[in-house]
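Structural overview for review
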Amino acid sequence: MKLGIVGLPNVGKSTLFNSLTKAGAESANYPFCTIDPNVGVVLVPDERLKLLGDMYKSKKVTNAVIEFVDIAGLVKGASKGEGLGNQFLSNIREVDAIVHVVRCFEDPNVVHVDGSVDPVRDIETINLELIFSDIEILDRRIAKTTRGANNDKTLAKELALLKRIKEHLEEGKLAKSFEVTDEDEEEWINGYNLLTGKPVIFAANVAEDELADDAAANPWVGKVREYASAEDCEVFVICAQIEQEIAELDEEEKAMFLEDLGLKESGLEKLIKASYKLLGLISYLTAGEDETRAWTIKNGTKAPQAAGKIHTDFERGFIKAEVVNYKDLLEQGSLAAAREKGLVGMEGKEYVVKDGDVILFRFNV
């Protein structure tokens with residue numbers, strides 16, 4: 001999974017990126033200190049893996065990973081070359097979802113590019129720049145498609161679609177609210193990689209003393225939640241500064257620190273939950289002496305396609321999947337004991353994989 005981090009300058013974007021990835025991106029109290037995109041890879045915390053790895057005495061434990069891409073802060077007029085321009089938006093066209101960091105805290109020592117805190121205004125500023133960037137992509141595609149549209153019905157159909165989407169964006173609407181009429185249109189739109197068509201998670205960045213109650217009393221967070229609900233987006237509350245402090249601690253110290261703050265989980269854990277929910281993802285597990293590993297798939301994936309995540313041969317030669325829930329496996333202490341209790345199912349091609357399934361695939365190529 002790949003997530004792109006966007007936001008205005010000085011909203012806590014690079015501070016959050018640093019804390020999530022421990023990658024040490026430059027972070028300072030002035031706009032545009034992030035020029036090149038910063039990329040960091042993070043392991044998805046998963047207690048199930050450690051427990052299964054210990055049980056099997058696995059030589060290797062492999063977590064799922066998320067790749068984060070942090071780009072320069074965007075300002076009003078970025079698409080027309082203001083600030084650093086929107087040239088950096090190309091760096092996040094390939095991401096699965098966008099994490100939009102919005103400032104929900106007052107601090108006279110941290111300048112706001114628009115002079116005041118107003119997260120909904122800030123969201124709309126960024127959305128407008130993403131819209132302009134998408135229109136630029138569509139204009140190029142329209143110019144290219146127009147050349148062959150007179151002699152090709154398929155190109156003519158695509159050209160009509162491109163013009164409809166462009167009109168939709170010019171009305172200030174996002175690509176994800178555009179309605180397609182058939183499978184061809186859906187395939188074409190997916191191929192354009194429009195930024196405003198991507199799922200969005202809002203990271204509401206608050207002051208330290210507002211974290212414990214999930215910023216219930218913060219009026220700005222309330223407005224972000226209201227906005228997100230209307231747009232079918234996810235929201236999680238963080239304090240980027242605290243996340244940076246947490247990132248420096250080992251697991252034991254981190255647990256104590258979170259407890260002192262009255263928190264159950266870190267911002268990274270909140271973000272991962274929000275990402276998996278928004279993108280409809282789950283993890284199944286494979287376990288053994290050589291390796292215990294998490295595999296990320298779409299919710300609703302059937303057994304052969306899940307097997308294909310490991311190797312295409314597994315999908316091609318799929319015979320059966322031996323499936324047990326990780327809790328049952330841990331309670332019984334071994335696969336053999338779980339089999340004896342009738343807790344292991346032999347599943348066929350139509351089996352829909354569930355989160356937390358531990359699977360042994362049978363295949364023949």
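Now for a look at the structure at hand. (Residues numbered from 1 in each chain as written. Predicted model: local features only at pLDDT ≥ 70, side-chain atom pairs only at ≥ 80, totals over all residues. Heavy atoms only, no water.)

Here we look at the sheet that holds strand β2 (residues 38-43)
Taken in spatial order, the 6 strands make up an open sheet running β2-β4-β1-β5-β6-β7, and their pairing is mixed. With one partner strand each, in any of the chains shown, β2 and β7 (234-238) form the two edges of the open sheet. Going from strand to strand, the sheet's axes swing by 25 degrees on average, the running direction of each strand aside. Bridge analysis of strand β1 (residues 2-6) against strand β5 (residues 97-103) gives 4 bridges, and the strand direction is parallel. Residue pairing across strands places Ile5 opposite Val99, the latter belonging to β5. Its contacts with the sheet put helix α6 (residues 219-231) on β5, β6 (200-205) and β7, and the angle it makes with β7 is roughly 160 degrees. (Pairing = 2+ DSSP bridges. Helix = DSSP H or I, 4+ residues; strand = E, 2+ residues; numbered from the N terminus. Axes fitted to C-alpha atoms, helices over the stretch in contact; angles between N-to-C directions. Contact = heavy atoms within 4.5 Å.)

Brief notes about the pairing of β7
Across the 5 residues of β7, 4 count as buried, placing the element largely inside the fold. Note: β6 against β7, 5 bridges, orientation parallel. Bridge assignment links Ile201 to a residue of β7, and that residue is Glu234. After leaving β6, the chain enters α6 and then returns to the sheet as β7, a path that is right-handed. (Buried < 20%, exposed > 50% of the residue type's maximum accessible area, 1.4 Å probe, protein only. Right-handed = clockwise from strand over helix to strand, strands pointing away.)

Some words on the environment of Gly345
Examined against the element boundaries, Gly345 turns out to sit in strand β11 (residues 345-347). As for Gly345 and Ile359, which are separated by 14 residues in sequence, their C-alpha atoms are 9.7 Å apart. If we skip the residues at most four places from it in the chain, Gly345 touches Ala321, Glu322 and Val323.

Observations regarding the packing of aromatic side chains
All told, the structure shown has 5 aromatic pairs when counted by the stated rule. Judged by centre distance (5.9 Å) and plane angle (80 degrees), the rings of Phe202 and Tyr227 are edge-to-face. A residue pair is termed long-range when its members are at least 10 positions apart, and Phe202 in strand β6 and Tyr227 in helix α6 qualify at 25 residues. Just as Phe202 is buried, Tyr227 falls in that class too. Measuring from centroid to centroid gives 6.4 Å for Phe318 and Phe361, while their planes differ by 65 degrees, and the two rings are edge-to-face. Taken together, the residues span a long stretch of sequence, with Phe318 in strand β10 (residues 318-325) and Phe361 in strand β12 (residues 357-363) at a distance of 43 residues. Among the residues examined, Phe318 registers a relative accessible area of 6% and is labelled buried. (Phe/Tyr/Trp six-rings, centres within 6.5 Å; stacked < 30°, edge-to-face > 60°.)

Here we look at a nonpolar patch on the surface
Together, Val41, Leu43 and Val65 line one region of the surface with nonpolar side chains, adding up to about 270 Å² of accessible area. In this fold, Val65 is placed in strand β4 (residues 65-70). (Patch = residues over 30% accessible without salt bridge, like charges linked within 9 Å, V, L, I, M, F, W, Y side chains within 5 Å. Areas by Shrake-Rupley, 256 points an atom, 1.4 Å probe, with all protein chains shown as cover. Salt bridge = Lys/Arg side-chain N within 4 Å of Asp/Glu carboxyl O.)

Section: the pattern of salt bridges
One pass over the structure, following the stated rule, counts 23 salt bridges. As a salt-bridge pair, Arg48 and Asp46 come within 2.9 Å of each other at their nearest N and O atoms. Comparing Arg48 with Asp46 shows no difference in burial state: the two are buried. Across the pair Asp139 and Lys166 runs a salt bridge, and its minimum N-O distance is 2.8 Å. In this pair, Asp139 is assigned in helix α3 (residues 119-149) and Lys166 in helix α4 (residues 153-170), connecting sequence segments 27 residues apart. What you see here is one network of salt bridges that share partners, running through Asp46, Arg48 and Asp355.

Focus on helix α7 (residues 240-247)
Listing the buried residues of α7 in full gives Ala240, Ile242, Glu243, Ile246 and Ala247. When α7 is viewed along its axis, its buried side chains cluster within an angular range of 155 degrees and face the same direction. Those residues of α7 that are buried are in contact with α1 (13-21), β6, β7, α8 (251-260) and α9 (267-279). (Arc of directions from axis to C-beta.)

Read these as spatial facts, not as claims about activity.
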